[in-house]
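So the chains spell out like this:
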Amino acid sequence: MEFYHPQIRDQFERVLGWLHHWACTRSFGLGTAFPIVSDDCQTQVIESLSDSTIYNAFYTVSGLLQGPDNLEGKKLGPLGITADMVDDSLWDAIFLRAELPEGHAVSQEQLHKLCSEFEYWYPVNLRVSGKDLVPNHLTMYMYNHAAIWDKDPSKWPRGIRANGHIQVDNEKMSKSVGNFITAAQAMDMYSADGLRFGLADSGDSVEDANFVCETAERAVSKLTSLLDWCKDATSLADKGELRVATEAHAFDSVFKAEMDTCVLRAIEAYDQCLFREALVQGFHELSNARDRYAQMCVSMTNMRSDLVMRYVEMAALCLAPICPHVAEEIWTYLNKPECLHVSGRFPSKDSLRATVDACQDMMEQYKVGVVVHVAWLL
């Protein structure tokens, strides 16, 4: 499994040392009845954590069984299956590919739809939860999957990303201190994308994240500036007022290599759930590369049209997981037939690495040239 941080894997391994002390049953509370009756004839139930941690599998078919706005199950779900039709044999058929008994109330057509949903969504690629749940809930989560799908490891979870709690301006959130902020309040203050920007910037480690209010406030103006730049630049490209691709200069190649470096690093950061690093590379460093290129072009020639359009596309892609609304707005400037979250795709890592490797020496010379050029301007 992928745990993203070595200390989380170590923590899981330490849990194994004492897990055999964990009581598997209790004599009261909610839970599935345990098939053993104690000496005083009280029925035991399976300990609740052990009994509740494959609900992810239920989520895959709950939309067909219950449907929207039906938490209490008072309405008939989309498949027309009632609670009395759901038994162990049905779950075995959905989850374990067992044969449904002949004459079962659920038809083969209904079963096929349920199985298709489960097979589409499973296994769980990534489970995100608090690090305080490693020694209990998340450990049970892994063991239950391994126990129920003991003959099919392809259904076992593939990754767990554990995180800490969140602070506001380096202080624990507290109503008495007055720094307690709900998600709804934060969106009103910073907008949805401004809030997401601030959260992504709050930290990548398993330690408590630190949400900085000033960062979220500044994010609004930074995102607005990006929108304005992309809109103006694509407008110039559409009007034919930028340089064509056949008129190439060395700093064009360097800019493309710098773009690809930032995008490659952003993709690798996303792969590791390092959202702050993805923001650094896919927003800040990518913007810096754009500004250096624009500065060089001011005194020499216009920016190259195809590179401007590529920058706008890469800026939207890199920003999409964190600030999807702004990214979609940028995407509209490219006149694409479909929205970003339908048709947007990162370039392959291999193609990005090839560009970067081919221009490595030129990039170093270019950076020195920029310093000299700016110094001359000053």
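This text goes with the structure placed above it.
Note that the structure is predicted; figures quoted are calculated from it, not measured. (Residues numbered from 1 in each chain as written. Predicted model: local features only at pLDDT ≥ 70, side-chain atom pairs only at ≥ 80, totals over all residues. Heavy atoms only, no water.)

Undergrad: Run through the overall build of the chain, naming residues and quoting values.
TA: Along its length, the chain carries 15 helices and eight strands. Compactness check: the chain gives a C-alpha radius of gyration of 27 Å against a globular reference of 21 Å for 378 residues, more than 25% above the reference. Within the chain, contacts between residues at least 6 apart in sequence are counted, and of these 67% link residues at least 24 apart. Of the accessible surface of the chain, which amounts to about 20900 Å², a share of 55% is contributed by carbon and sulfur atoms. If the 33 positive side-chain charges of the chain are averaged to one point and the 53 negative ones to another, these points end up 4 Å apart. (Helix = DSSP H or I, 4+ residues; strand = E, 2+ residues; numbered from the N terminus. Rg over C-alpha atoms; globule rule 2.2 N^0.38 Å. Contact = heavy atoms within 4.5 Å. Areas by Shrake-Rupley, 256 points an atom, 1.4 Å probe, with all protein chains shown as cover. Lys, Arg positive; Asp, Glu negative; His and termini not counted. Charge placed at Lys NZ, Arg CZ, Asp CG, Glu CD.)

Undergrad: Summarise the state of the cysteines; cite the residues concerned and give the values.
TA: Under the defined criterion, the tally for this structure stands at zero disulfides. No disulfide involves cysteine 230; its sulfur sits 12 Å from the nearest other cysteine sulfur, which is in cysteine 318. (Disulfide = S-S within 2.5 Å.)

Undergrad: Pulling in residues and values, what's your account of helix 5 (residues 134-148)?
TA: Its 15 residues give helix 5 an end-to-end C-alpha distance of 20 Å, which sits within 8% of 21 Å, the value for a rise of 1.5 Å per residue. Along helix 5, the positions that sit buried rather than exposed are Val134, Asn136, His137, Leu138, Thr139, Met140, Tyr141, Met142, Asn144 and His145. Looking at the buried positions of helix 5, the neighbouring elements they touch are helix 1 (6-16), helix 2 (55-65), strand 4 (127-130) and strand 5 (160-163). (Expected span 1.5 Å × (residues − 1). Buried < 20%, exposed > 50% of the residue type's maximum accessible area, 1.4 Å probe, protein only.)

Undergrad: I'd like a description of the environment of histidine 137, backed by residues and values.
TA: Here histidine 137 shows up in helix 5. In the structure, histidine 137 is positioned 92 residues away from tryptophan 229 in sequence and 47 Å away in space, judged by C-alpha atoms. Those residues in contact with histidine 137 that lie beyond four places of it in its chain are Leu49, Thr53, Tyr55 and Arg127.

Undergrad: Kindly report on the packing of helix 9 (residues 250-271) against helix 11 (residues 305-319), identifying the contributing residues and their values.
TA: When two helices pack together, their arrangement is given by the angle between the helix axes and the distance between those axes. Orientation of helix 9 relative to helix 11, taken along the N-to-C sense of each, is 10 degrees, at an axis distance of 11 Å. The angle between helix 9 and helix 11 falls in the class roughly parallel. In this structure, helix 9 contributes Asp252, Phe255, Lys256, Met259, Asp260, Val263, Ala266 and Tyr270 to the contact, and helix 11 contributes Leu307, Arg310, Tyr311, Met314 and Cys318. (Axes fitted to C-alpha atoms, helices over the stretch in contact; angles between N-to-C directions. Parallel < 35°, antiparallel > 145°, perpendicular 65-115°, else oblique.)

Undergrad: Any chance you could break down the side chain of threonine 60 for me, citing the residues and the numbers?
TA: Inspection of the secondary structure puts threonine 60 in helix 2. Here the side chain of threonine 60 touches alanine 57 through a polar contact of 2.5 Å, landing on its backbone oxygen. Residues in contact with threonine 60, not counting those within four places in the same chain, are Glu117, Phe118, Trp121 and Tyr122. (Polar contact = N/O pair within 3.5 Å; in protein donor to acceptor, adjacent residues only side chain to side chain.)

Undergrad: Break down the packing of aromatic side chains for me, with residues and values.
TA: All chains considered together, the criterion is met by 17 aromatic pairs. Seen in terms of ring centroids, tyrosine 55 and tyrosine 59 are 5.4 Å apart; in terms of plane orientation they differ by 50 degrees. Their pairing is tilted. You can see tyrosine 55 and its partner tyrosine 59 sitting in helix 2, four residues apart, about one turn around the helix. Classification of tyrosine 55 by relative accessible area gives partly exposed; the value is 23%. (Phe/Tyr/Trp six-rings, centres within 6.5 Å; stacked < 30°, edge-to-face > 60°.)

Undergrad: Residue-level account of the sheet that holds strand 7 (residues 171-172), with values.
TA: Read from one edge of the open sheet, three strands run 7-6-8, paired in mixed fashion. Looking at strand neighbours, the two that pair on one side only are strand 7 and strand 8 (209-211), the edges of this open sheet. Across three bridges, strand 6 (residues 166-168) lies against strand 8 in parallel orientation. When the bridges of strand 8 are listed, glutamine 167 appears paired with asparagine 210. (Pairing = 2+ DSSP bridges.)

Undergrad: Tell me about the nonpolar core, and please be specific about residues and values.
TA: The biggest cluster of nonpolar side chains holds 50 residues, and the ones touching the most others in it are Tyr311, Leu319 and Ile330. Of all the secondary-structure elements, those providing two or more residues to this core are helix 7 (192-200), helix 8 (213-238), helix 9, helix 10 (275-300), helix 11 and helix 12 (324-332). Discounting chain neighbours no more than four positions away, the residues touching leucine 319 are Leu223, Leu226, Leu279, Phe283, Pro324, Val326 and Ala327. Counting 34 residues, the second largest nonpolar core, distinct from the first, contains Val61, Leu64, Ala93 and Tyr141. (Core = buried A, V, L, I, M, F, W, Y, C linked by side-chain atoms within 4.5 Å.)

Undergrad: Got a sec to walk through helix 3 (residues 88-96)? Specific residues and values, please.
TA: Residues of helix 3 that are buried: Ser89, Leu90, Ala93, Ile94 and Phe95. Next to the buried residues of helix 3 lie helix 2 and helix 4 (108-121). The first or second residue beyond helix 3 is arginine 97, which carries a positive phi of 60 degrees.

Undergrad: Before we move on, could you go through unusual backbone geometry and cite the residues and values that matter?
TA: Here the bond from tyrosine 122 into proline 123 is cis, since omega is 5 degrees, no more than 30 degrees from zero. Within the fold, proline 123 resides in the loop between helix 4 and strand 4. Positive phi, normally seen in glycine, also occurs at serine 191, with a value near 75 degrees. Exposure remark for serine 191: the relative accessible area of 35% places this residue in the partly exposed category. The backbone of asparagine 335 sits at a positive phi, close to 60 degrees, despite the residue not being glycine. With respect to the secondary-structure elements, asparagine 335 resides in the loop between helix 12 and helix 13 (340-343). Assessed through its relative accessible area of 59%, asparagine 335 is described here as exposed.

Undergrad: For the pairing of strand 4, give the residues involved together with the corresponding values.
TA: Looking at chain direction, strand 4 and strand 5 are connected through four bridges and run parallel. Residue pairing for strand 5: glycine 130 is matched across the bridge by asparagine 163. Note that the unit made of strand 4, helix 5 and strand 5 has a crossover that is right-handed. (Right-handed = clockwise from strand over helix to strand, strands pointing away.)

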